[in-house]
Amino acid sequence: MSLLDIRVLGDPILRQDTTPVTEVTDELRRLMDDMFETMYAAKGIGLAAPQVGRTERIAVIDVDDNPFVVVNPEIVHAEGTIKGEEGCLSIPEVYGDVERSARVLVRALDRRGKPFEIEATELLSRCLQHEIDHLHGKLFLDYLGPFKRRSALSKWQKEKEKYPEGIRRLSAEEIARHHHSDEEL
Ligand code: K1U
Ligand code: ZN
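Throughout this document, residue positions are counted from 1 along each chain, in the order its sequence is written. By the order in which they are written, chains take letters starting at A while ligands take numbers starting at 1. Given that the model is predicted, a residue must reach a pLDDT of at least 70 before its local features are reported, and side-chain atom pairs must reach 80 or more before they are shown or counted; all residues, however, enter totals for whole chains, interfaces and linings.

Asks: What am I meant to see in the overall build of the protein chain here?
Replies: Scanning the protein chain from N- to C-terminus turns up 4 helices and 7 strands. Strands here mean DSSP runs of E at least two residues long; helices mean DSSP runs of H or I at least four residues long; both are numbered from the N terminus. In sequence order, the secondary structure elements of the protein chain are arranged as β-α-β-β-β-β-β-α-α-β-α. If you line up the protein chain on its principal axes, its C-alpha atoms span 45 × 40 × 35 Å. For the protein chain, the residues scored as buried account for 30% of the 185 residues in total. Any residue with 12 or fewer other C-beta atoms within 10 Å of its own C-beta is exposed, any with 20 or more is buried, and the rest are partly exposed; the C-beta atoms used are placed from the backbone.

Structure (structure tokens):
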């Protein structure tokens, strides 16, 4: 498995729609494995393909030690609204409160290409919505009001200096931390 570079805000791929997957191949399963490894090393709970420079409609999620992949996910039902804080692995150190649906029913294909449905609330529901947005070029910043959006973007103006090439290459320290946490298992 390999760690992938994470694209940061400003990379046009984060604003593009993705292409539905027509067949889940071994190559895509290797991509999913690499995405999981990258997500764990970056201490995330989700990661979508555009964040690692890919255009396929795929995301990986692990909330509460329940890892799964969603291929071509669609929200088929949503209920209620709830506000909560979000971050994004592509906009490090920037956070904002986002109003989302409280409960969602998502239909997707799994890593073998088999259809499944997942009903989610709380953090899993938020994470699914955040990742599905990524697959359509949408970011949590887009939900902020003008004042909070401006202040989030101004924080990012400073943070982005850490990523002169527009990519977040996980540091040796993050990678070492990731390997140590593997040994603790
Ligand atoms: O897609 C991403 O950028 C990953 C992002 C997903 C996400 C975070 C918060 C709410 C919804 C979705 C992250 O994983 S950022 C890391 C993070 O904020 C977090 C980590 C553990 C628990 C809660 C949040
Ligand atoms: Zn994100």
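Asks: Can you walk me through the nonpolar core in this structure?
Replies: The nonpolar side chains of a soluble globular protein tend to be buried with one another. The nonpolar core is taken to be a set of buried Ala, Val, Leu, Ile, Met, Phe, Trp, Tyr and Cys residues joined by way of C-beta atoms within 7 Å. The biggest cluster of nonpolar side chains holds 34 residues, and the ones touching the most others in it are Met-35, Leu-47, Ala-59, Val-60, Val-70 and Leu-128. Among the elements of the structure, helix H1 (26-41), strand E2 (46-48), strand E3 (58-62), strand E4 (67-86), strand E5 (96-109) and helix H2 (122-134) are those that each provide at least two residues to this core.

Asks: I'm lost on the site of ligand 1 in this one. Help?
Replies: Around ligand 1, 15 residues are found, and the nearest of them are Gly-44, Gly-87, Cys-88, Leu-89 and His-130. Ranked by the residues each element gives to the shell around ligand 1, the list is headed by H2, at 5 residues. Gly is put with the polar residues, along with every residue not named as nonpolar or charged; the nonpolar set is Ala, Val, Leu, Ile, Met, Phe, Trp, Tyr, Cys and Pro, and the charged set is Asp, Glu, Lys and Arg. Residue composition of the shell around ligand 1, by class: 6 nonpolar, 6 polar and 3 charged. Nearness here has a simple definition: the residue's C-beta atom, placed using the backbone, must lie within 6 Å of the molecule or strand.

Asks: Mind showing me how you'd approach H2 here?
Replies: Side chains that are three or four residues apart share a direction in an α-helix, a result of its 3.6 residues per turn. Take the number of residues in a helix, subtract one, and multiply by 1.5 Å to get its expected span. The terminal C-alpha atoms of H2, which comprises 13 residues, lie 19 Å apart, in line with the 18 Å expected from a rise of 1.5 Å per residue. Most of H2 sits out of view: 10 of its 13 residues are buried. Residues Leu-124, Ser-125, Arg-126, Cys-127, Leu-128, Gln-129, His-130, Glu-131, Ile-132 and His-134 constitute the buried set of H2. For the purpose of contact definition, each residue receives a C-beta atom placed from its backbone, and two residues are in contact when these atoms lie within 7 Å. Buried residues in H2 make contact with E2, E3, E4, E5 and strand E6 (115-120).

Asks: Would you mind going over the pairing of E6 with me for this structure?
Replies: When a strand is regular, its side chains alternate between the sheet's two faces. Counting buried positions along E6 yields 0 of 6 residues, so the element is predominantly exposed. Bridge count between E5 and E6: 6 bridges; the pairing is antiparallel. Note that in E6 the partner of Leu-105 across the bridge is Glu-119. Here the rule is simple: two strands pair whenever DSSP picks up at least two bridges between them. What sits between the antiparallel neighbours E5 and E6 is a turn of 5 residues, in which Gly-113 has the positive phi angle 90 degrees.

Asks: What is the right way to read the environment of Arg-54 from this model?
Replies: Along the chain, Arg-54 falls in the loop between E2 and E3. C-beta crowding within 10 Å serves as the criterion here: with 19 such atoms nearby, Arg-54 is assigned to the partly exposed category. Taking the C-alpha atoms as reference points, Arg-54 and Asp-142, 88 residues apart in sequence, are found 21 Å from one another. Contacts of Arg-54, omitting those with residues within four sequence positions, involve Leu-31 and Ala-49.

Asks: Hey, could you run me through the sheet that holds E6 in this one?
Replies: Two orientations exist for strands paired in a sheet by backbone hydrogen bonds: parallel and antiparallel. Taken together, the 5 strands give an open sheet; going across it, the order is E2-E3-E4-E5-E6, and neighbouring strands pair in antiparallel fashion. Bordering the open sheet on either side are E2 and E6, each of which pairs with just one other strand. On average, each strand axis in the sheet is inclined to that of its neighbour by 30 degrees, with strand direction left out of account. Taken strand by strand, H2 contacts E2, E3, E4, E5 and E6, and its axis lies near 80 degrees from that of E5. Axis lines are fitted to C-alpha atoms, over the contacting stretch for helices. Their N-to-C directions set the angle, which ranges from 0 to 180 degrees.

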